[in-house]
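Fold and geometry: a report
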Amino acid sequence: MASVLLYTSPGCPDCAAVRRYLNQHHIEFTERDVTQPGVADEAKSRYGVRVAPITVIDNVPIWGTFADQKAELDTHFDV
């Protein structure tokens, strides 16, 4: 199974949609809140992005709205 890291922000509807997608498809993930100290800077230094949601699958980041990410998620997870 792929390693999945999800950067989110409280109240972000696209973050909630990605989280819901992962849960509905029983995909395990680790979640990091970009509003916590240092987390947004961590995302920026590792992946060049600091705006949630950022979904990192096996160290490869995808970002943007849930609609922007969905096709790649479907392809990666064979949904």
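See the structure above.
In this text, all values refer to a predicted model and were calculated from it rather than measured experimentally. (Residues numbered from 1 in each chain as written. Predicted model: local features only at pLDDT ≥ 70, side-chain atom pairs only at ≥ 80, totals over all residues. Heavy atoms only, no water.)

**A closer look at the packing of aromatic side chains**
Quick note on the threshold: Think of it this way: a Phe, Tyr or Trp ring, Trp meaning its six-membered ring, pairs with another when their centres are within 6.5 Å, and the plane angle makes it stacked under 30 degrees, edge-to-face over 60, tilted otherwise. The secondary structure listing takes helices from DSSP runs of H or I that are at least 4 residues long and strands from runs of E that are at least 2 residues long, numbered from the N terminus. For every residue, the accessible area (1.4 Å probe, protein chains only) is compared with the maximum for its type, and the residue is labelled buried under 20%, exposed over 50%, or partly exposed between those bounds.
Applying the stated rule across the entire model yields two aromatic pairs. For the ring pair Tyr-7 and Tyr-47, a centre distance of 6.1 Å and an interplane angle of 65° mean the geometry is edge-to-face. In this pair, Tyr-7 sits in strand E1 (residues 4-8) while Tyr-47 sits in helix H2 (residues 39-47), placing the two residues 40 residues apart along the sequence. Among the residues examined, Tyr-7 registers a relative accessible area of 0% and is labelled buried.

**Thoughts on the pairing of strand E4 (residues 60-63)**
The test is simple: Note on pairing: two strands pair once DSSP finds at least 2 bridges between them.
Inspection of the sheet shows strand E3 (residues 54-57) paired to E4 by four bridges, in the antiparallel sense. Along E4, the bridge assignment pairs Ile-54 with Trp-63. In this antiparallel pair of consecutive strands, E3 and E4, the connection spans two residues, and Asp-58 shows a positive phi of 50°.

**What to know about unusual backbone geometry**
Of note, the bond from Ala-52 into Pro-53 is cis; its omega dihedral lies within 30 degrees of zero at 0°. With phi around 50°, Asp-58 is a residue other than glycine that occupies positive phi space. Structurally, Asp-58 can be placed in the loop between E3 and E4. On the basis of relative accessibility, which here comes to 41%, the residue Asp-58 falls in the partly exposed class.

**What about the packing of helix H1 (residues 13-24) against helix H3 (residues 66-76)?**
Filter applied, for reference: Orientation is described by axes fitted as lines to C-alpha atoms, over the contacting stretch for helices, and by angles from 0 to 180 degrees between their N-to-C directions. Here the angle decides the label: under 35 degrees means roughly parallel, over 145 means roughly antiparallel, 65 to 115 means roughly perpendicular, and every other value means oblique. With the far helix as reference, a near helix turned anticlockwise by less than a right angle produces a left-handed crossing, and one turned clockwise produces a right-handed crossing. A contact between two residues is defined here by any heavy atoms of the two lying within 4.5 Å. Charged means Asp, Glu, Lys or Arg here, nonpolar means Ala, Val, Leu, Ile, Met, Phe, Trp, Tyr, Cys or Pro, and polar covers whatever is left, Gly included.
For the pair H1 and H3, the least separation of the axes is 10 Å and the interaxial angle reads 20°. Relative to H3, the element H1 lies roughly parallel. The hand of the H1/H3 crossing is right-handed. Where H1 approaches H3, its residues Asp-14, Ala-17, Val-18 and Tyr-21 are matched on the opposing element by Phe-66, Gln-69, Leu-73 and Asp-74. Taken together, the residues of the contact of H1 with H3 sort by class into five nonpolar, one polar and two charged.

**What to know about the pattern of salt bridges**
This is how the line gets drawn: Put simply, a salt bridge is a Lys or Arg side-chain nitrogen that is within 4 Å of an Asp or Glu carboxyl oxygen.
Applying the stated criterion across every chain, the model contains five salt bridges. Here Glu-42 and Arg-32 are joined by a salt bridge, their closest N and O atoms 2.6 Å apart. You can see Glu-42 sitting in helix H2 and its partner Arg-32 sitting in strand E2 (residues 30-33), a full 10 residues away along the chain. Among the ionic pairs, Arg-46 bridges to Glu-42, the shortest N-O distance being 3.6 Å. In this pair, Arg-46 and Glu-42 both sit in helix H2, four residues apart, roughly one turn of the helix. Each of the salt bridges in this network shares a partner with another, and the network as a whole consists of Arg-32, Glu-42 and Arg-46.

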